[in-house]
Amino acid sequence: MNPFQKNESKETLFSPVSIEEVPPRPPSPPKKPSPTICGSNYPLSIAFIVVNEFCERFSYYGMKAVLILYFLYFLHWNEDTSTSIYHAFSSLCYFTPILGAAIADSWLGKFKVLSLIGLSLIALGTGGIKPCVAAFGGDQFEEKHAEERTRYFSVFYLSINAGSLISTFITPMLRGDVQCFGEDCYALAFGVPGLLMVIALVVFAMGSKIYNKPPPEGNIVAQVFKCIWFAISNRFKNRSGDIPKRQHWLDWAAEKYPKQLIMDVKALTRVLFLYIPLPMFWALLDQQGSRWTLQAIRMNRNLGFFVLQPDQMQVLNPLLVLIFIPLFDFVIYRLVSKCGINFSSLRKMAVGMILACLAFAVAAAVEIKINEMAPAQPGPQEVFLQVLNLADDEVKVTVVGNENNSLLIESIKSFQKTPHYSKLHLKTKSQDFHFHLKYHNLSLYTEHSVQEKNWYSLVIREDGNSISSMMVKDTESRTTNGMTTVRFVNTLHKDVNISLSTDTSLNVGEDYGVSAYRTVQRGEYPAVHCRTEDKNFSLNLGLLDFGAAYLFVITNNTNQGLQAWKIEDIPANKMSIAWQLPQYALVTAGEVMFSVTGLEFSYSQWAEFILFSCLLLVICLIFSIMGYYYVPVKTEDMRGPADKHIPHIQGNMIKLETKKTKL
């Protein structure tokens, strides 16, 4: 019954500004009993819904797991652009459920949104699925089966985490362990989740005839906004000082909207105010798929028994969620309760944010350590130089000039290089350097041009009875993306073709030809197939480790035959990816305390991670202060006395007479 329905009593002094009448529905025909699972109280339809949710979550999380690396390596965007697009996509996926909920409630209903919109596009589809699928599963149960419905939600949540867990582990393997056209197979990594979406659609459609499909019941989101807008506009129109004030600004909507709706909107605004800091928590929590993955690619991913892909570390989150939820519910919270501590929902959420803050502090410490191990970067008017001696005897190299003449002091033996890169200072952005080479009794001068902010290798080679030199730019190898790169110098008098894999090969020119850098998979390369125009042979490249850049000099040793001299230009990543485990454990514990409790209750270098940690700490403090002053609304307070008087509005003016009124 409409609470503002007109009463025929003469004591009623007013009628509302507008009445939203709900037309009576025709009597529903008797329902046929829904088929159940093995004679239990569980409707058979929920099996299709759970399988559909598993496939949809597998598709979403599997695609999202490899997305940041797809942007970085396939589309060749930089880290900042990749991170921005990644989070823009993630934000869209969590914004569109608002639109999906409105469409489902007011127009199509939950079933049609799921089948026609939800499984069509990723972002918009997620918006159609998220607000509908859990509630749609709950609609399949009768009220007398409330216990079974509760268990269903547990199974439903399990299917979400199972889909996320399996896809986050498998999809990076499809990307990194399978080669497509000589590169990571992103086509397969995206194709398998796409196939799962097709399966989700088919499975969901199979149960169409047995679903309980409640009709749309009106758009509650629109009702809330209309109620708020009417209250504001009504208060603005009646702002005279002669008009009595009302207890709450939303009470100005009482002439048009039911009291229960107004009370609900009041509770909503109170909770929304409390939740103002929370989006920052989720924004930082989503860094696991972007910045933390980018951090992982610059770490050593060999665990001894298993070699991880950088995007596979994200599997820790759903795995730890499945472990931490029962651990917190059945152990930690009960121990805290036995200690006499009132661990309320708001306190749990505050502690959760503190744990997430600590997680980013740990991530910052890991990032600092990684940067300490990484090679230094040349600054403005600086270059880094190393010398490779490929002659048959030692060579003394001196940089001519007052500023840099003392940099290369020791002689360089045959087939050796300087122990590290030397920093040379330039007077301008580009400069010609003169080098003095002393070989046997020969004294030679050579000149080479360099440009600032680059790495170079000065290669000294035999030239008949004398020597000569060439300057090789090392720019391509000086990356910090964790990839393994190789290049070759061919000292033979014939071109050499090198097959690094079934899809990757390169040609190196004769007489000290230098190849470009090639990215390869980390692993052992005991027999790399090579050939010249008249000969096939193999080279043992040994272990090519994560993050290292290698130079191989192909030589013909009289005693040992053709072989490769291995030089490590950039050392391999030394810090184990296992050091990311503490930050994942802390952030997941924070997520469990924050997210699960919340459901019950309602980007450069290390400085970037410290910024994230500080931001989360500030948000945590704000939330704690707001939570301290928050007064929970009790159920009995939501229903005031039925005869409480509210001043009546006629048109835009309030009638100031106070008389007994019946609603």
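Everything numeric in this text was worked out from a predicted model, so none of it was measured.

Peer 1: Please explain the overall build of the chain as it appears in this structure.
Peer 2: Within the chain, the secondary structure is distributed over 16 helices and 23 strands. In the chain, which comprises 663 residues, the share counted as buried stands at 47%. Counting every atom, the chain has about 34,700 Å² of accessible surface; 60% of that belongs to carbon and sulfur.

Peer 1: When you look at the pairing of strand E9 (residues 454-463) in this model, what are you seeing that I'm missing?
Peer 2: Looking along a regular strand, one sees the side chains alternate between the two faces of the sheet. In terms of burial, E9 is a largely internal element, seven of the ten residues being buried. Relative to E9, strand E3 (residues 382-389) is paired through seven bridges, and the arrangement is parallel. Directly across from Asn-389, in E9, lies its bridge partner Ile-460. In the sheet, E9 pairs with strand E10 (residues 466-473) via eight bridges, with the strands oriented antiparallel. Bridge pairing in E10 places Asp-463 opposite Ser-466.

Peer 1: Help me understand a negative patch on the surface in this model?
Peer 2: There is a patch of like negative charges on the surface, built from Asp-392, Asp-393, Glu-394 and Glu-462. Within the secondary structure layout, Glu-394 lies in the loop between E3 and strand E4 (396-400). A residue is classified by how much of its surface remains accessible, and Glu-394, at 38% relative accessible area, is partly exposed.

Peer 1: Sorry if this is basic, but what is going on with helix H13 (residues 316-338) here?
Peer 2: Within an α-helix, residues lying three or four positions from one another point in the same direction, as the helix has 3.6 residues per turn. Look at H13: 30 Å from first C-alpha to last across 23 residues, which is about the 33 Å you get at 1.5 Å a residue. At Phe-328, H13 shows its maximal kink, close to 50°. Three or more residues of H13 are buried, namely Leu-316, Asn-317, Pro-318, Leu-320, Val-321, Phe-324, Ile-325, Phe-328, Tyr-333 and Val-336. Positioned one or two residues after H13, Gly-340 has a phi angle of 80°, which is positive.

Peer 1: Just checking my understanding: could you explain the sheet that holds E4 for this structure?
Peer 2: By way of backbone hydrogen bonds, the strands of a sheet pair with one another, either parallel or antiparallel. Sheet architecture is open: three strands sit in the order E4-E7-E8, paired in antiparallel fashion. The open sheet is flanked by E4 and strand E8 (442-451), the only strands paired with a single partner. Adjacent strand axes in the sheet meet at a mean angle of 25° when their direction is disregarded. Pairing of E4 with strand E7 (residues 430-439), which is carried by five bridges, proceeds in the antiparallel orientation. In the sheet register, Val-400 faces E7, and the bridge partner there is His-434.

Peer 1: What should I look at first to understand the nonpolar core in this one?
Peer 2: Among soluble globular proteins, nonpolar side chains are generally buried collectively. In terms of nonpolar packing, the biggest core is built from 34 residues, with Trp-292 and Phe-328 touching the most fellow members. Elements represented by at least two residues in this core include exactly helix H11 (278-285), helix H12 (291-296), H13, helix H14 (345-373) and helix H15 (581-601). Here this core gets ten residues from one element, more than from any other, and that element is H14. The contacts of Phe-328, once residues within four sequence positions are left out, are Tyr-333, Ala-589, Val-592 and Met-593. Counting residues in each nonpolar core, the second largest holds 22 residues, with Leu-500, Val-520, Ala-548 and Phe-552 among its members.

Peer 1: I keep staring at the sheet that holds strand E13 (residues 505-508) and nothing clicks. Help me out?
Peer 2: Pairing is antiparallel across the open sheet formed by four strands, whose spatial order is E13-E12-E17-E18. Pairing within the sheet leaves two strands with one partner each, and these edge strands are E13 and strand E18 (536-539). Put simply, the sheet's adjacent strands are angled 25° from each other on average, direction ignored. In terms of strand pairing, strand E12 (residues 496-499) meets strand E17 (residues 528-531) through three bridges, oriented antiparallel. Counterpart to Ile-498 in the pairing with E17 is Cys-530.

Peer 1: Quick question: what am I supposed to make of the packing of aromatic side chains here?
Peer 2: To describe a pair of aromatic rings, one takes the distance between the centres and the angle between the planes. Counted by the stated rule, this structure contains 18 aromatic pairs. For the ring pair Phe-328 and Tyr-333, a centre distance of 5.8 Å and an interplane angle of 70° mean the geometry is edge-to-face. Assessed through its relative accessible area of 13%, Tyr-333 is described here as buried. Ring-pair connections join several aromatic residues into one group, and the members of that group are Tyr-70, Phe-71, Phe-74, Trp-77, Tyr-186 and Phe-190. The ring of Trp-252 carries Arg-246 above its face, with NZ or CZ at 4.4 Å from the centroid. For Lys-348, the ring lying beneath its charged end belongs to Tyr-333, and the centroid distance is 4.0 Å.

Peer 1: Teacher, can you tell me more about helix H8 (residues 186-206) here?
Peer 2: End to end, H8 covers 31 Å across 21 residues, agreeing with the expected 30 Å (1.5 Å per residue, within 8%). Along H8, the residues classified as buried are Tyr-186, Ala-189, Pro-193, Leu-196, Met-197, Ala-200, Val-203 and Phe-204. For H8, the angular spread of buried residues about the axis comes to 135°, placing them on one side. Every exposed residue of H8 that faces more than 90 degrees away from the buried side is listed here: Ala-187 and Met-206.

Peer 1: When you look at the packing of H11 against H14 in this model, what are you seeing that I'm missing?
Peer 2: When two helices pack together, their arrangement is captured by the angle between the axes and the distance separating the axes. Here H11 crosses H14 at 35°, and the two axes come no closer than 11 Å. Between H11 and H14 lies a crossing of left-handed hand. Contact residues: Leu-278, Phe-281 and Leu-284 in H11; Met-349, Gly-352, Met-353, Ala-356 and Phe-360 in H14. A breakdown of the residues in the contact of H11 with H14 according to their chemical character gives seven nonpolar, one polar and no charged.

Peer 1: For this particular structure, what's the right way to read unusual backbone geometry?
Peer 2: Negative phi characterises most residues that are not glycine, and trans characterises most peptide bonds. The phi dihedral of His-440 falls on the positive side, at around 55°, and the residue is not glycine. The partly exposed category is assigned to His-440, whose relative accessible area is 47%. Of note, Asp-511 is a non-glycine position whose phi angle comes to about 50°, a positive value. Following the sequence through the fold, Asp-511 ends up in the loop between E13 and strand E14 (513-514).

Peer 1: Explain the environment of Leu-390 to me, please; I cannot follow it from the model alone.
Peer 2: With respect to the secondary-structure elements, Leu-390 resides in the loop between E3 and E4. Its relative accessible area of 3% is what places Leu-390 among the buried residues. Considered as a pair, Leu-390 and Ser-469 are 79 residues apart in the sequence and their alpha carbons are 9.7 Å apart. Non-local contacts of Leu-390, meaning those with residues more than four positions away in its chain, are made with Phe-415, Val-459, Ile-460, Glu-462, Val-489, Thr-491, Tyr-512, Val-553 and Trp-565.

Peer 1: Honestly, the pattern of salt bridges in this entry has me stumped. Any pointers?
Peer 2: Two side chains bearing opposite charge may form a pair once their charged atoms approach each other closely. For the structure shown, the criterion picks out twelve salt bridges. Between Asp-569 and Arg-487 there is a salt bridge, and its shortest N-O distance comes to 3.6 Å. In this pair, Asp-569 is assigned in strand E21 (residues 561-570) and Arg-487 in strand E11 (residues 484-490), connecting sequence segments 82 residues apart. Take Asp-569 and Arg-487: they sit in the same class, and that class is buried. Salt bridges linked by common partners bring Glu-79, Asp-80 and Arg-291 together as one network.

Thresholds, definitions, all that
Residues numbered from 1 in each chain as written. Predicted model: local features only at pLDDT ≥ 70, side-chain atom pairs only at ≥ 80, totals over all residues. Heavy atoms only, no water. Helix = DSSP H or I, 4+ residues; strand = E, 2+ residues; numbered from the N terminus. Buried < 20%, exposed > 50% of the residue type's maximum accessible area, 1.4 Å probe, protein only. Areas by Shrake-Rupley, 256 points an atom, 1.4 Å probe, with all protein chains shown as cover. Pairing = 2+ DSSP bridges. Patch = residues over 30% accessible without salt bridge, like charges linked within 9 Å, V, L, I, M, F, W, Y side chains within 5 Å. Salt bridge = Lys/Arg side-chain N within 4 Å of Asp/Glu carboxyl O. Lys, Arg positive; Asp, Glu negative; His and termini not counted. Charge placed at Lys NZ, Arg CZ, Asp CG, Glu CD. Expected span 1.5 Å × (residues − 1). Bend = angle between axes of the 7 residues up to and from the residue. Axes fitted to C-alpha atoms, helices over the stretch in contact; angles between N-to-C directions. Core = buried A, V, L, I, M, F, W, Y, C linked by side-chain atoms within 4.5 Å. Contact = heavy atoms within 4.5 Å. Phe/Tyr/Trp six-rings, centres within 6.5 Å; stacked < 30°, edge-to-face > 60°. Lys NZ or Arg CZ within 6 Å of the ring centre and 35° of its normal. Arc of directions from axis to C-beta. Left-handed = near helix turned anticlockwise from the far one by under 90°. Nonpolar A, V, L, I, M, F, W, Y, C, P; charged D, E, K, R; others polar.

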